[in-house]
Amino acid sequence: MTPQPVDSPDLWAGLPTLQDPHGEDDTALDVWEDPIPLTGRRDRPAFPVHVLPVWLGEFVAAVAEETQTPADLAGSIALAVLATAAGGRSVVHVRGNWREPTNLFTVVALPPANRKSAVFALLTNPLYEAEKQLKAAMKPVIVEAELTARLAKEAADKAVAKAASADGDKRDDMVKTAVGLAQTADTLSVPAEPVLLADDSTPETVTSLMAEQGGRLSVMSAEGGIFDIIAGRYSGAPNMEVFLKGHAGDRLRVNRQTRREYIDAPALTIGLAVQPDVLRDIGKVKGFEGRGLLARFLYSLPISTVGDREIITDPVPEETAGAYTARVIDLALSLAEWTDPAVIQLTPEADAALIAYQKRIEPQLKARGGKLGHISNWAGKLAGATARMAALLHLAEHGGNGYAHPVTDATMNAAIELGEYYTAHALAVFDVMGADPVLSRARSVLEALRDNGWEDVSRRDVFTVLSRSEVPTVADLEPALALLEDHGYLRSYQPEKTGKRGRPPAPRLLAHPGLRHGGR
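Being a predicted model, the structure only gives us computed values, none of them experimental. (Residues numbered from 1 in each chain as written. Predicted model: local features only at pLDDT ≥ 70, side-chain atom pairs only at ≥ 80, totals over all residues. Heavy atoms only, no water.)

K.L.:
A description of the sheet that holds strand 5 (residues 216-221) should follow, citing residues and the corresponding values.
P.N.:
One open sheet holds the five strands; their spatial order is 4-5-8-3-9, and the pairing between them is parallel. Strands at the two margins of the open sheet, each flanked by one partner only, are strand 4 (197-198) and strand 9 (297-300). Sheet analysis places strand 3 (residues 105-109) next to strand 9, joined by four bridges and oriented parallel. Across the sheet, residue threonine 106 finds its bridge partner in strand 9, namely leucine 298. (Pairing = 2+ DSSP bridges. Helix = DSSP H or I, 4+ residues; strand = E, 2+ residues; numbered from the N terminus.)

K.L.:
Can you break down a negative patch on the surface residue by residue, with the values?
P.N.:
Taken together, the side chains of Glu65, Glu66, Glu310 and Asp314 make up a negatively charged region of the molecular surface. Along the chain, glutamate 65 falls in helix 1 (residues 54-67). (Patch = residues over 30% accessible without salt bridge, like charges linked within 9 Å, V, L, I, M, F, W, Y side chains within 5 Å. Areas by Shrake-Rupley, 256 points an atom, 1.4 Å probe, with all protein chains shown as cover. Salt bridge = Lys/Arg side-chain N within 4 Å of Asp/Glu carboxyl O. Lys, Arg positive; Asp, Glu negative; His and termini not counted. Charge placed at Lys NZ, Arg CZ, Asp CG, Glu CD.)

K.L.:
Run through unusual backbone geometry, naming residues and quoting values.
P.N.:
With phi around 55 degrees, glutamine 68 is a residue other than glycine that occupies positive phi space. Within the secondary structure layout, glutamine 68 lies in the loop between helix 1 and helix 2 (71-86). On the basis of relative accessibility, which here comes to 12%, the residue glutamine 68 falls in the buried class. For alanine 113, which is not glycine, the phi torsion reads 70 degrees and is therefore positive. As for its placement among the helices and strands, alanine 113 is situated in the loop between strand 3 and helix 3 (116-165). Among the residues examined, alanine 113 registers a relative accessible area of 53% and is labelled exposed. (Buried < 20%, exposed > 50% of the residue type's maximum accessible area, 1.4 Å probe, protein only.)

K.L.:
Residues and numbers for the side chain of histidine 512, please.
P.N.:
Relative to the assigned elements, histidine 512 resides in the loop between strand 13 (508-511) and helix 17 (513-517). Assessed through its relative accessible area of 0%, histidine 512 is described here as buried. For histidine 512, the side chain forms a polar contact with the main-chain oxygen of glutamate 33, separated by 2.9 Å. Side-chain polar atoms of histidine 512 contact the backbone nitrogen of glycine 514, separated by 2.8 Å. (Polar contact = N/O pair within 3.5 Å; in protein donor to acceptor, adjacent residues only side chain to side chain.)

K.L.:
Got a sec to walk through the confidence of the model for the chain? Specific residues and values, please.
P.N.:
For the chain, the mean per-residue pLDDT works out to 87, and 90% of the residues sit at or above 70. Here residues 1-29 is a poorly scored stretch, pLDDT under 50, and it has 56 contacts once near neighbours within four places are set aside; other chains count. (pLDDT = per-residue confidence, 0-100. Contact = heavy atoms within 4.5 Å.)

K.L.:
Talk me through the sheet that holds strand 1 (residues 90-95); I want residue IDs and the actual numbers.
P.N.:
On the basis of which strands lie adjacent, the open sheet formed by three strands has the order 2-1-10 and mixed pairing. Both outer strands of the open sheet, strand 2 (98-101) and strand 10 (342-344), are each paired with one neighbouring strand and no more. Averaged over all neighbouring strand pairs, the angle between strand axes comes to 30 degrees, with direction disregarded. Pairing geometry for strand 1 and strand 2, over four bridges, is antiparallel. Bridging from a neighbouring strand, arginine 95 pairs with tryptophan 98 of strand 2. (Axes fitted to C-alpha atoms, helices over the stretch in contact; angles between N-to-C directions.)

K.L.:
How would you summarise the pattern of salt bridges if you had to cite specific residues and measurements?
P.N.:
Following the criterion strictly, the structure yields 13 salt bridges and no others. With a shortest N-O distance of 2.8 Å, arginine 388 and glutamate 100 are connected by a salt bridge. In this pair, arginine 388 is assigned in helix 12 (residues 382-398) and glutamate 100 in strand 2, connecting sequence segments 288 residues apart. With a closest N to O distance of 3.9 Å, aspartate 264 and arginine 253 form a salt bridge. Of this pair, aspartate 264 sits in the loop between strand 7 (260-263) and strand 8 (267-274) while arginine 253 sits in strand 6 (residues 252-255); the two residues are 11 residues apart in sequence, bridging distant segments of the chain.

K.L.:
Explain the packing of helix 2 against helix 9 (residues 318-336) to me, and be specific about the residues and the numbers.
P.N.:
Axes are the key here: two packed helices are described by the angle between their axes and the distance separating the axes. Look at helix 2 against helix 9: their axes get within 7 Å of each other, and the N-to-C directions meet at 30 degrees. Here helix 9 runs roughly parallel to helix 2, going by the angle between their axes. Of the residues in helix 9, those touching helix 2 at Val81, Leu82, Ala85 and Ala86 are Tyr324, Val328, Leu331, Ala332 and Leu335. (Parallel < 35°, antiparallel > 145°, perpendicular 65-115°, else oblique.)

K.L.:
Before we move on, could you go through the packing of aromatic side chains and cite the residues and values that matter?
P.N.:
Summed over the entire model, instances satisfying the criterion amount to nine aromatic pairs. Residues tryptophan 55 and tyrosine 324 carry aromatic rings whose centres are separated by 6.0 Å and whose planes lie at 40 degrees to one another, so their mutual orientation is tilted. Linking tryptophan 55 in helix 1 with tyrosine 324 in helix 9, this pair joins segments that are 269 residues apart in sequence. Here tryptophan 55 matches tyrosine 324 in class, with each residue buried. A ring pair is formed by phenylalanine 59 and tyrosine 324, whose centres lie 4.0 Å apart and whose planes are at 5 degrees; its orientation type is stacked. Of this pair, phenylalanine 59 sits in helix 1 while tyrosine 324 sits in helix 9; the two residues are 265 residues apart in sequence, bridging distant segments of the chain. (Phe/Tyr/Trp six-rings, centres within 6.5 Å; stacked < 30°, edge-to-face > 60°.)

The following block contains the structure:
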């Protein structure tokens, strides 16, 4: 069965009207009403461009206009760009011992032909320019370090050779000299060429690059290949440790036969634009949800503009593009030399706004009855993600010296509005991924009813055709059947007892006639 588009009111909507399309005399059609869709269309608000600093908001809006793409695409990539410039070089101190790094994982899902690559290029070009300038500035330092290390190694080698051929009392002194020179040579290191951005790289490559770059790196791509790599499609085994710890900032230590890599405070940023099917597929990858990888992304699922686009559009104004380029480069360069990260503080008012937001979120995390209960792994990280976005908006406003000023309540409220935006879109995305098991099982039952053309069926027969990984027991099936009955897709009835002895027959199910006559 071809998956229905996610912005359809319901994946199972579109059943035929209560009239037999084949002209058959089916009296059941007279007594069945149209079923209620399992879920209505999720409210997916547009990206709140107005919460961005003026220079950034104007560029995002101008890119969306020129490319005729949803502002969500440029907006989410813009946040990843800020995180690339600031991640690993700044942290936000929320309260007490709670600090958040300023890196983010963002992913936008849009169908093909939505000009994702064009938008990516416009947003990320300043990062490549900043990287180029960092490399140019570091080149003399690297050349000097390489020469110094080579001379030190040569001096140590010569001292070793002399010590090896020395006689008598001179030998001990020359050995000491050789040891000292060798130790000095061993302490000299050549700094790595600066890298801000990596393409879809293997976990091993990402780890090595982060170790070389002082813990910071960004993976930006207009494709979703990184998910295949993490899932182990090419290596044979999932490897998500660097991505999990790279988001959280947890110490990462890798011991290999040829190399040991220690990263005390990794800061990995990921900015992706993928097709909606990619999100559907990653929701099925074993370990992605259980290990918490999916909970680390900020999801955007905008409505495609294809079919409604203007042909002739206004290009991004040169002044707007120039301001964007200069600001991004300045932020990246001004923070690049920080080894200990710049600490960004909150004003008491900003902290109070975040506390109020946390209090609003918390009851929604309840497993039973909470609006966000079925995505509590994701929503449990929402406050931290909001603090990170507040710090990035603050740095976008004040530049690299943003640490000299605390985050205001206005900036925190802007970040909270972004948090609300991403929450609404996460609910839609996790619907696609089947995060709600009852809803997912109900949809599987509907598909089985359609495929088998059942009119009258037992629970056992339904259970038999379903995947054991999705529905382990008949008891797990009952909530899904109850949901379908509540929505008018099924009716449960008790068959008449045919004999005088024995147990009464098990209840059976009647399927909505539209499921049988609707075809595929």
